[in-house]
Amino acid sequence: MISLGCNIALIRSTNLRPSYSHVDEIRGKLKLRFLNLLMEGGKWLIAENVGRGIGPNELPRIEEEFRSKGAENIFIRNGILYSRLHPANDDLMNRINGIPGCRVGPLHIWNMDDVYFTIEYFPEQTGKVSDILLDYLSSNHSLSVSLEYMGNYSGRIPFMLDLFQSLGGNLGEYSVVTSAWSATSRELATETSGIFLNPGFFYPKAMSDSDTGEMIYYGNGNDFNGPASQIVDRNQRIYEISLRTRFFNDFYESMRESGIWPLIFNAVSDGSTVTNNMMIRNNEVEGFTIALRRHFGKSARNIHVNSIASVVSASEHFTGTKEIP
């Protein structure tokens, strides 16, 4: 979720993915799970960790099952099953992410016949988001879609985690890993155009392999210093930032190699330390920390002081007394 109190539009599709597939047999008939929304090579992808148990002889059967629902370009890489989006959803997400300060949420929820995803936006974008959704809902495409909710959300935990729990999911099966970049004021001023000198929350518009980082900034300070490409709401200190940085490209490469995608990712700056919060499955913590170590060792990263600050249960992270990003 972009920030506490942002607006949410929840879309449900009842025929986007097969209600049962060969993947379920391999994974033990798992009915409720998270899917990652990624962007690679400028194209949207859905990713799901299916482990290393699917061999090349099984992939054609899975491809057939998924193509029957409009998914395209099915492939497996390092234990992750990837698929391209249905063209109607691909167009929707491109249009939504083109609105300053607005993004498609990084999580999908797949629950038997249903797939849920969100649009996160601020009140200033309500008219534009509404117009795009009306086009999408009324278009003559093969998807069976409905708008389940649209409006403000001020719950304690991110909207999709709340929905996951209401569908019977258990946040106790997930952990939040927090890494920290401790930097001098000189480093913060020279790296990434000095944007992390601004205290507040930073949310990537999409988890992407691009060397241009697009982020939504939700600030704690009075003003924003740096290259904001768009002012979304100056009074609420909401800005969109676009800058060239190797960070997201390096991070994407590290996660792709490891076969572990964080389900939630955001950065928080207090003006001297930048922390990244990343939610993953409990059984992936060891592999994820190894992947982070590789990421910290990349040439653009190893000049900095990076560390793992904490690993806590997602329940503790999102239901504690502190303000949660």
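If you're wondering where the values come from, they're calculated on a predicted model, not measured in any experiment.

(A) Structural context of the pattern of salt bridges. The tally for this structure, following the rule as stated, stands at nine salt bridges. Measuring nitrogen to oxygen at the nearest pair gives 3.3 Å for the salt bridge that ties D135 to R95. Separated by 40 residues along the polypeptide, D135 in helix α4 (residues 126-138) and R95 in helix α3 (residues 87-97) bring together distant segments of the chain. Residue D135 is classed as partly exposed on the basis of its relative accessible area of 37%. For R95, a relative accessible area of 34% corresponds to the partly exposed category. Across the pair R103 and E120 runs a salt bridge, and its minimum N-O distance is 2.8 Å. With a gap of 17 residues between them, R103 in strand β6 (residues 103-111) and E120 in strand β7 (residues 114-121) connect regions that are remote in the sequence.

(B) How the structure looks around helix α7 (residues 247-258). Taking 1.5 Å per residue, twelve residues should reach 16 Å; α7 reaches 16 Å between its end C-alpha atoms and fits that length. Across the twelve residues that make up α7, a large majority, nine, are buried. Listing the buried residues of α7 in full gives F247, F248, N249, D250, F251, Y252, S254, M255 and S258. At the C-terminal side of α7, G259 shows a positive phi close to 75°.

(C) Quick peek at a nonpolar patch on the surface. There is a patch of nonpolar side chains on the surface, built from L137, L147 and M150 and spanning about 200 Å² of accessible area. Along the chain, the position of L137 falls in helix α4. With relative accessibility at 32%, the residue L137 sits in the partly exposed group.

(D) Geometry of the confidence of the model for the protein. Looking at the protein as a whole, its pLDDT mean stands at 84, while 89% of the residues score no less than 70. Here residues 321-325 is a poorly scored stretch, pLDDT under 50, and it has 17 contacts once near neighbours within four places are set aside; other chains count.

(E) Examining the side chain of S208 more closely. The topology assignment puts S208 in strand β11 (residues 207-208). For S208, the side chain forms a polar contact with the main-chain nitrogen of S210, separated by 3.0 Å.

(F) Representation of the packing of aromatic side chains. With the rule as written, the count across this model stands at 14 aromatic pairs. Ring geometry for F251 versus F265: centroids 5.1 Å apart, planes at 50°, classification tilted. Note that F251 is positioned in helix α7 and F265 in strand β15 (residues 264-269), a separation of 14 residues in sequence. We classify F251 as buried; its relative accessible area is 1%. On the accessibility criterion, F265 (8% relative accessible area) is buried. Ring pairing ties together the aromatic residues W181, F196, F202, Y217 and Y239, which thus form one cluster. The ring of W110 has R33 lying over it, and the distance from NZ or CZ to the ring centre is 4.0 Å.

The rules behind the values
Residues numbered from 1 in each chain as written. Predicted model: local features only at pLDDT ≥ 70, side-chain atom pairs only at ≥ 80, totals over all residues. Heavy atoms only, no water. Salt bridge = Lys/Arg side-chain N within 4 Å of Asp/Glu carboxyl O. Helix = DSSP H or I, 4+ residues; strand = E, 2+ residues; numbered from the N terminus. Buried < 20%, exposed > 50% of the residue type's maximum accessible area, 1.4 Å probe, protein only. Expected span 1.5 Å × (residues − 1). Patch = residues over 30% accessible without salt bridge, like charges linked within 9 Å, V, L, I, M, F, W, Y side chains within 5 Å. Areas by Shrake-Rupley, 256 points an atom, 1.4 Å probe, with all protein chains shown as cover. pLDDT = per-residue confidence, 0-100. Contact = heavy atoms within 4.5 Å. Polar contact = N/O pair within 3.5 Å; in protein donor to acceptor, adjacent residues only side chain to side chain. Phe/Tyr/Trp six-rings, centres within 6.5 Å; stacked < 30°, edge-to-face > 60°. Lys NZ or Arg CZ within 6 Å of the ring centre and 35° of its normal.

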